[in-house]
Amino acid sequence: MGKQYKDFEVYLIHVDPEKCNGCGECAEICQGDVFEVSCQANPVRPENCLGCEACVAICKSNAIILTEI
Ligand code: SF4
Ligand code: SF4
């Protein structure tokens, strides 16, 4: 019997500081509690990202870029 390896994805979350207006909607919708927002969103817990893209969809400023690696 061969060994079994668990597949998993890792996501990179980037917030463009020139576009983010600090509205906080990404932090509210994120199931992974990835963002902290003060004057701008900051992805402080990227390891929690599930790749759902809800933050990308809700951000009216198109400030969030999600990349699967
Ligand atoms: S939803 Fe977009 S504009 Fe609002 S805090 Fe998040 S990244 Fe910034
Ligand atoms: S893709 Fe989903 S889990 Fe990842 S930061 Fe955005 S809302 Fe949170």
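So, here's what we can say about the structure.

Conventions adopted
Once a new chain begins, its residue numbering starts again from 1 and follows that chain's sequence as written. Labels are handed out in written order, letters beginning with A for the chains and numbers beginning with 1 for the ligands. Whole-chain, interface and lining totals are the exception, using all residues; otherwise, since this is a predicted model, local features are given only for residues with pLDDT of at least 70 and side-chain atom pairs are given and counted only at 80 or more. With hydrogens and water set aside, each side-chain value is computed from the structure's full complement of heavy atoms. For this purpose, a residue is taken to be near a molecule or strand whenever a single non-hydrogen atom of the residue falls within 4 Å of it. Throughout, the ten residues Ala, Val, Leu, Ile, Met, Phe, Trp, Tyr, Cys and Pro are labelled nonpolar, Asp, Glu, Lys and Arg are labelled charged, and all others, Gly among them, are labelled polar. A 1.4 Å probe rolled over the protein chains alone gives each residue an accessible area, and that area as a share of the maximum for its type sets the label: buried under 20%, exposed over 50%, partly exposed in between. The numbering of helices and of strands both runs from the N terminus, where a helix is a DSSP run of H or I of at least 4 residues and a strand a run of E of at least 2. Pairing between two strands is assigned when DSSP locates at least 2 bridges connecting them. In what follows, residue pairs with any heavy atoms lying within 4.5 Å of each other are defined as contacts.

Let us now look at the site of ligand 1. Close to ligand 1 lie Cys20, Asn21, Gly22, Cys23, Gly24, Cys26, Ala41, Cys59, Ser61 and Ile64. Of the residues in the shell around ligand 1, the class split is six nonpolar, four polar and no charged.

Attention now moves to the pairing of strand S1 (residues 11-15). Only one face of S1 is covered, namely the one carrying Tyr11, Ile13 and Val15; the face carrying Leu12 and His14 has none of its residues buried. Judged from the five bridges that link them, S1 and strand S4 (residues 64-68) form a sheet pairing that is antiparallel. From the neighbouring strand, Leu12 faces S4, where its bridge partner is Thr67.

Lining the immediate surroundings of ligand 2 are Ile13, Cys30, Val34, Phe35, Cys49, Leu50, Gly51, Cys52, Glu53, Ala54 and Cys55. Residue classes in the shell around ligand 2 are distributed as nine nonpolar, one polar and one charged.

Turning next to the environment of Ala63. Inspection of the secondary structure assignment puts Ala63 in the loop between helix H2 (54-58) and S4. Given the relative accessible area of 1%, Ala63 is considered buried. With near-sequence residues (within four places) excluded, Ala63 lies in contact with His14, Val15, Asp16, Lys19 and Cys20.

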